[in-house]
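Coordinate inspection notes
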Amino acid sequence: MARPRRSDDTRQLLVEEGAAGFLANGYHGTGIKQVLDAVGVPKGSFYNYFDSKESFGRAVIDYHSRCIQRNLAEALGPAPDPVSGLRNFFAKQMDEFVETDFTGGCLIANLGGELEGSETLRESLSGAFRAWRDGVAKALLEAQERDQVRGDIPADELADLLIESWEGAVIRMKIDRSLEPLHKCLRRLLDDYFRP
């Protein structure tokens, strides 16, 4: 029997469904059959698109990373200044957390806690985190050049602090079912510690 032709559209649908499944149920809690059924792809067709669940996981992480980078660029682009753009980016994330009733959180952080045993996926997660950090650092560097953010600490270190604090606040948000930990994180950093 001839193998079905690979469709990039179908592959993308599988990746998007995988991202939703991983966010809701984790990597190990999301079955390939579940993803295939949701997209309407026959069970045997998975290997037309991915070599393994691990390569599928890598594609999901890469997709999520591109979404973060796109959302960051969209928030920064029209903003009057980089700090306002960062606020817009995090505000959009908060809106999404409210829409999902404080479930899910951040796919990178969630998978980071679950996938310690896979070096391939760890590297993908590290790359996704680094890309996010680099985008935030670029905005913070511009803010430093405008004297909006303190200049005595390198922008990439401030970006690490912001994202790592944000991720911790996301966990607290999920526990408390409240945006207050996220607001507090941004207030303490953008309105206080980061100021020149």
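Residues numbered from 1 in each chain as written. Predicted model: local features only at pLDDT ≥ 70, side-chain atom pairs only at ≥ 80, totals over all residues. Heavy atoms only, no water.

Per an unreviewed UniProt entry, the protein chain goes by the name TetR family transcriptional regulator and belongs to Nocardia bhagyanarayanae.

Each helix and strand counted, the protein chain has 9 helices and 0 strands in total. For the protein chain, the succession of helices and strands along the chain, N to C, is α-α-α-α-α-α-α-α-α. With respect to the principal axes defined by its C-alpha atoms, the protein chain has extents near 65 × 35 × 30 Å. Relative to its full complement of 196 residues, the protein chain shows a buried share of 44%. Long-range pairs, those at least 24 residues apart, make up 67% of the contacts in the protein chain with a sequence separation of at least 6. If you sum the accessible surface of the protein chain, you get close to 10500 Å²; carbon and sulfur atoms cover 48% of it. For the protein chain, the centre of its 25 positive side-chain charges and the centre of its 32 negative side-chain charges are spaced 4 Å apart. (Helix = DSSP H or I, 4+ residues; strand = E, 2+ residues; numbered from the N terminus. Buried < 20%, exposed > 50% of the residue type's maximum accessible area, 1.4 Å probe, protein only. Contact = heavy atoms within 4.5 Å. Areas by Shrake-Rupley, 256 points an atom, 1.4 Å probe, with all protein chains shown as cover. Lys, Arg positive; Asp, Glu negative; His and termini not counted. Charge placed at Lys NZ, Arg CZ, Asp CG, Glu CD.)

The subject of this paragraph is the pattern of salt bridges. Going through the model one piece at a time under the given rule, you end up with 11 salt bridges. A salt bridge links D101 to R177; the shortest N-O distance between them is 2.6 Å. With D101 in the loop between α5 (82-99) and α6 (107-114) and R177 in the loop between α8 (155-176) and α9 (180-193), this residue pair connects regions lying 76 residues apart in the sequence. Residue D101 is classed as partly exposed on the basis of its relative accessible area of 43%. Accessibility expressed as a relative area gives 43% for R177, which makes it partly exposed. A salt bridge links D152 to R150; the shortest N-O distance between them is 2.7 Å. Taking relative accessible area as the criterion, D152 reaches 56% and is therefore assigned exposed. (Salt bridge = Lys/Arg side-chain N within 4 Å of Asp/Glu carboxyl O.)

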